[in-house]
Amino acid sequence: MQTSNPHDHDEQFARRALELARQGIALTSPNPCVGAVIATPDGTIVGEGFHTYEGKKHAEILALEQAGTRARGATIYVTLEPCSHQGRTGPCADAVIATGIARVVCSMEDPNPQVAGRGFAKLRAAGIQVDMNLFEADARKLNEAFAKYIRHKAPLVTLKSAMTLDGKIARGTDLDASVRGTARTDWITGEVARAHVQQLRHQSDAILTGIGTVLADDPLLTDRTGLPRRRSLLRVVLDSHLRLPLASRISQSAREDVLVFTEDTDLSRKNELEKLGIRVELVPRSGDNALDLSAILNRLGELEITSLLIEGGSHLNASVLDSRLVDKVFLFLAPKIFGDAGVPFAAGLHQSIEFTNPQFHQFADDCAIEGYLSDPYSG
């Protein structure tokens, strides 16, 4: 009689754990997205779970509770190393050991350098077989913002822009114009690409733009996916002289989800904005006479913002790239050429920029390049 090999279903169940983990996007920050699946040796799933911040319980605990006594002798597939320390909940590694799980298949080690590897060590010391790195690249990408935040207490910074094949982000000559130009119908990319922008916003804790883009385009900068999220997308505006119009769409829609960084100490203007539900905070200037981006990122880290999407105009793009504070880019390319009449992607950029691990995406007639300027798992 042929018996089932417990490894036969590894890819299937590890992939399912990743699917579950992705259900936690926008619901777990500042914690990581984690999914777990428990399967018996004959390939029967007896428990599943994924983490949400409000739910508190980790994915492993939810799956173990669902499995009950059927967890004994089974395999648990989990996307992130089971924790070994006391946090908002008890150590998941201890719970796995207590239920008699025979094997753990895990996609990646915990990126927190203070705990990385300790959960695996505890499991192995208890005699549990631990197999690692199945779909590791997928799991690492899913939690790259958590990795950056837990290592540096600052958000993962993604610069997003849409441009023509000749590198223009808008028609005309207004360098503060945003990705869709000064006319709201003058989109660079098509509907499919713009829908993905909403997905990028949904995956982010905060979105940042400059006052020039607000004045030129009057954007809302909201997450319009309709998908659930734990916290509203924080809309951040760099506004040195508090020029944000009270009648702008950002101001009028503020619900304690707009944060303005400024150097202006005009209390009357600050009070007017705060009456609309806008938070205003002072920040110093840096050596290049712009608002100190490093200080801003540190402040966002204090607010437990793990991921920041930048959508700005030409000057802001150049400034953040020159600062070397951008971790990755997501650049949409449309099959158009604007020529001399167009606004360049990053006017005044003082250095060449190269990124690594490029990925190419297709969105109907448009495409996009995603790449990294730094490794969120380093340091």
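Quick caveat: nothing in here was measured; it's all calculated off a predicted structure.

### Focus on the side chain of Arg 201
Item 1. Considering the arrangement of structural elements, one finds Arg 201 in helix α7 (residues 191-202).
Item 2. Arg 201 has contacts with Ile 207, Leu 221, Thr 222, Asp 223, Arg 224, Arg 229, Leu 233, Leu 309 and Glu 311, leaving out every residue within four places of it along the chain.

### A look at the sheet that holds strand β6 (residues 156-164)
By way of backbone hydrogen bonds, the strands of a sheet pair with one another, either parallel or antiparallel.
Item 1. Strand order in the open sheet formed by 9 strands is β11-β10-β9-β8-β12-β6-β13-β16-β15, and the pairing between neighbours is mixed. Among the strands making up the open sheet, the edge pair consists of β11 (278-282) and β15 (356-363). Taken pair by pair, the neighbouring strands of this sheet meet at an average axis angle of 20 degrees, ignoring direction.
Item 2. Sheet topology note: the β6/strand β13 (residues 328-334) ladder contains 7 bridges and is parallel. Residue pairing for β13: Ala 162 is matched across the bridge by Phe 332.

### Some details on the nonpolar core
Within soluble globular proteins, side chains that are nonpolar tend to cluster in buried spots.
Item 1. Counting residues in hydrophobic clusters, the biggest one holds 36 residues, and the most contacted among them are Ile 38, Tyr 77, Val 96, Ile 101, Val 104 and Leu 123.
Item 2. When residues of this core are traced back to their parent elements, those giving at least two are α1 (10-22), β1 (35-39), α2 (59-67), β3 (75-78), α3 (92-98), β4 (103-106) and α4 (118-125).
Item 3. If one sorts the elements of this core by residue count, α1 sits on top with 5 residues.
Item 4. Apart from the residues lying within four places of it in its own chain, the contact partners of Val 96 are Leu 64, Ile 101, Val 104, Leu 123 and Ile 128.
Item 5. By size, the runner-up hydrophobic cluster in this structure holds 33 residues, among which are Ile 296, Leu 316, Ala 318 and Leu 331.

What counts as what
- Throughout, residues of each chain are indexed from 1 in the direction in which the sequence is written.
- Where totals are concerned, whole chains, interfaces and linings use all residues; where local detail is concerned, this predicted model gives features only for residues with pLDDT of at least 70, and gives and counts side-chain atom pairs only at 80 or more.
- In computing side-chain properties, one takes all heavy atoms of the structure into account and sets aside hydrogens as well as water.
- Comment: elements are numbered from the N terminus, with helices defined as DSSP H or I runs of at least four residues and strands as E runs of at least two.
- Throughout, a residue-residue contact means that at least one pair of heavy atoms, one from each residue, lies within 4.5 Å.
- DSSP-based pairing: two strands are paired if at least 2 bridges between them are found.
- Here an axis means a line fitted to C-alpha atoms, over the contact stretch when the element is a helix, while the angle between two N-to-C directions is reported on a 0 to 180 degree scale.
- The definition of a nonpolar core used throughout is a set of buried Ala, Val, Leu, Ile, Met, Phe, Trp, Tyr and Cys residues joined through side-chain atoms within 4.5 Å.
- Burial here depends on accessible area, computed with a 1.4 Å probe over protein chains only, as a share of the maximum for the residue type. Under 20% is buried, over 50% is exposed, and the range in between is partly exposed.

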